[in-house]
Amino acid sequence: MHNKAERLRKITSVKIAEVAPELAHRVPPGQTVTERFPILHEGEVPLYDLNSWSLRVFGEVEQERTFSFEELMALPQSKTLCDIHCVTRWSKLGTEWEGVKFADLLPLLGAKPEARYVMIHADEDYETNLPLEDLLHEDVLLAHRFDGEPLTDKHGWPLRLLVPHLYFWKSAKWIRGIEFMKEDRPGFWERNGFHNYADPFKEERFSSDEFLMPEDEWMKKEFD
Ligand SMILES: Nc1nc2c(c(=O)[nH]1)N[C@H]1C(S)=C(S)[C@@H](COP(=O)(O)O)O[C@H]1N2
Ligand SMILES: [Mo]
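Only a predicted model underlies this, so the values are computations on that prediction, with no experimental measurement involved. (Residues numbered from 1 in each chain as written. Chains lettered and ligands numbered in written order. Predicted model: local features only at pLDDT ≥ 70, side-chain atom pairs only at ≥ 80, totals over all residues. Heavy atoms only, no water.)

1. Digging into the overall build of the protein
Piece 1. Regarding its fold elements, the protein presents five helices and 13 strands.
Piece 2. At 18 Å, the protein has a C-alpha radius of gyration in line with the 17 Å of a compact globule built from 224 residues.
Piece 3. In terms of overall dimensions, the protein has a C-alpha envelope of 55 × 40 × 35 Å along the principal axes.
Piece 4. Expressed as a percentage of its 224 residues, the buried residues of the protein come to 47%.
Piece 5. Total accessible area on the protein stands at roughly 11,500 Å², and carbon and sulfur atoms take up 49% of it. (Helix = DSSP H or I, 4+ residues; strand = E, 2+ residues; numbered from the N terminus. Rg over C-alpha atoms; globule rule 2.2 N^0.38 Å. Buried < 20%, exposed > 50% of the residue type's maximum accessible area, 1.4 Å probe, protein only. Areas by Shrake-Rupley, 256 points an atom, 1.4 Å probe, with all protein chains shown as cover.)

Have a look at this one:
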């Protein structure tokens with residue numbers, strides 16, 4: 001009884017957007033557009049002292065290195081305007097992000113030619129795998145701003161990955177490491193029933209048909 005009441009209370013707080021016909025092609029199959037910003041993650045929201053924060057680059061690289069937040073901020077900054085799509089069936093259109101373009105960072109990382117996959121390591125014990133090629137899309141950022149403001153703690157401050165063309169679990173929040181790999185290896189959700197690649201327009205949600213995502217799953221979560 002209590003749980004149901006709690007759930008209904010949250011559902012009334014979700015603003016579902018009417019999608020104009022000219023925007024309909026931007027909404028992948030099985031998704032609902034929301035104007036709010038759901039907050040989803042495993043574990044607690046980590047809080048950082050930027051002076052001790054670092055991003056580690058390792059694996060198939062000529063030399064391991066770390067970046068401080070200051071070093072990343074000194075690099076050219078780029079903006080991405082994109083739609084985001086979560087496997088739990090919400091999409092948010094026209095989101096604006098700012099950060100370092102992965103393609104701009106790559107030349108500084110000394111990745112070996114045989115590095116074809118990347119594992120993104122994040123707090124708390126989160127990781128997600130991607131083909132290196134996908135990280136080179138022009139709109140892929142290591143983002144530190146959303147909607148003209150610094151990222152909030154819950155959305156990944158100080159740094160998160162943004163990979164607009166894949167389901168949003170690939171856009172790891174609180175990233176701490178970039179590992180270059182010769183061979184692919186599944187990350188956290190990819191080991192737990194989710195699709196290895198995650199193209200929302202192909203509905204690559206799960207690794208098997210045994211898994212189902214209830215249509216209202218995301219409405220039970222927290223929102224901004
Ligand atoms: N570090 C970390 N990043 C994460 C997750 C997580 O559990 N831990 N969850 C992912 C999932 S499943 C989603 S849908 C998005 C949600 O991002 P948001 O809370 O900013 O909407 O973060 C992704 N990044
Ligand atoms: Mo998600």
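What follows picks up the thread again.
2. Details of the pattern of salt bridges
Piece 1. Applying the stated criterion across every chain yields a total of twelve salt bridges.
Piece 2. When the shortest N-O distance is used, the salt bridge between R191 and E127 registers 2.8 Å. Here the residue R191 occupies a position in helix α5 (residues 188-191), and E127 occupies one in strand β8 (residues 126-131), the gap between them amounting to 64 residues.
Piece 3. Here R191 falls in the partly exposed class, since its relative accessible area comes to 47%. (Salt bridge = Lys/Arg side-chain N within 4 Å of Asp/Glu carboxyl O.)

3. Details of the UniProt feature "domain: Oxidoreductase molybdopterin-binding" (unreviewed entry) in the protein
Piece 1. Within the UniProt annotation, "domain: Oxidoreductase molybdopterin-binding" (unreviewed entry) is assigned to residues 43-189.
Piece 2. Strand forms 39% of residues 43-189 and helix 10%; the C-alpha atoms that close the span are 14 Å apart. (UniProt positions renumbered as here; feature names shortened; annotations may be inferred.)

4. Describing the side chain of K92
Piece 1. Position of K92 relative to the elements: it lies in strand β6 (residues 90-101).
Piece 2. Apart from residues lying up to four places away in sequence, K92 is in contact with T34, E35, R36, F37, C82, D83, I84 and F146. (Contact = heavy atoms within 4.5 Å.)

5. Describing the site of ligand 1
Piece 1. Around ligand 1, a shell composed of 20 residues is seen, among which P38, E42, D123, H155 and K173 lie nearest.
Piece 2. Backbone polar atom of P38 to an oxygen atom of ligand 1: 2.7 Å apart, as the coordinates give it.
Piece 3. Protein contact buries 97% of the 540 Å² of open area that ligand 1 shows by itself.
Piece 4. In terms of residue class, the shell around ligand 1 is made up of 13 nonpolar, three polar and four charged. (Near = heavy atom within 4 Å. Polar contact = N/O pair within 3.5 Å; in protein donor to acceptor, adjacent residues only side chain to side chain. Nonpolar A, V, L, I, M, F, W, Y, C, P; charged D, E, K, R; others polar.)

6. Some details on the pairing of β6
Piece 1. One ladder, built from two bridges, connects strand β1 (residues 32-33) with β6; its direction is parallel. Bridging from a neighbouring strand, T32 pairs with W90 of β6.
Piece 2. Pairing of strand β5 (residues 78-85) with β6, which is carried by seven bridges, proceeds in the antiparallel orientation. Bridge pairing in β6 places L81 opposite E96.
Piece 3. Hairpin connection, β5 to β6: the antiparallel pair is bridged by four residues, and R89 has positive phi, about 95°.
Piece 4. The pairing of β6 with strand β9 (residues 141-146) spans five bridges and is classified as antiparallel. Residue pairing in the sheet places K101 in a bridge with L141 of β9. (Pairing = 2+ DSSP bridges.)

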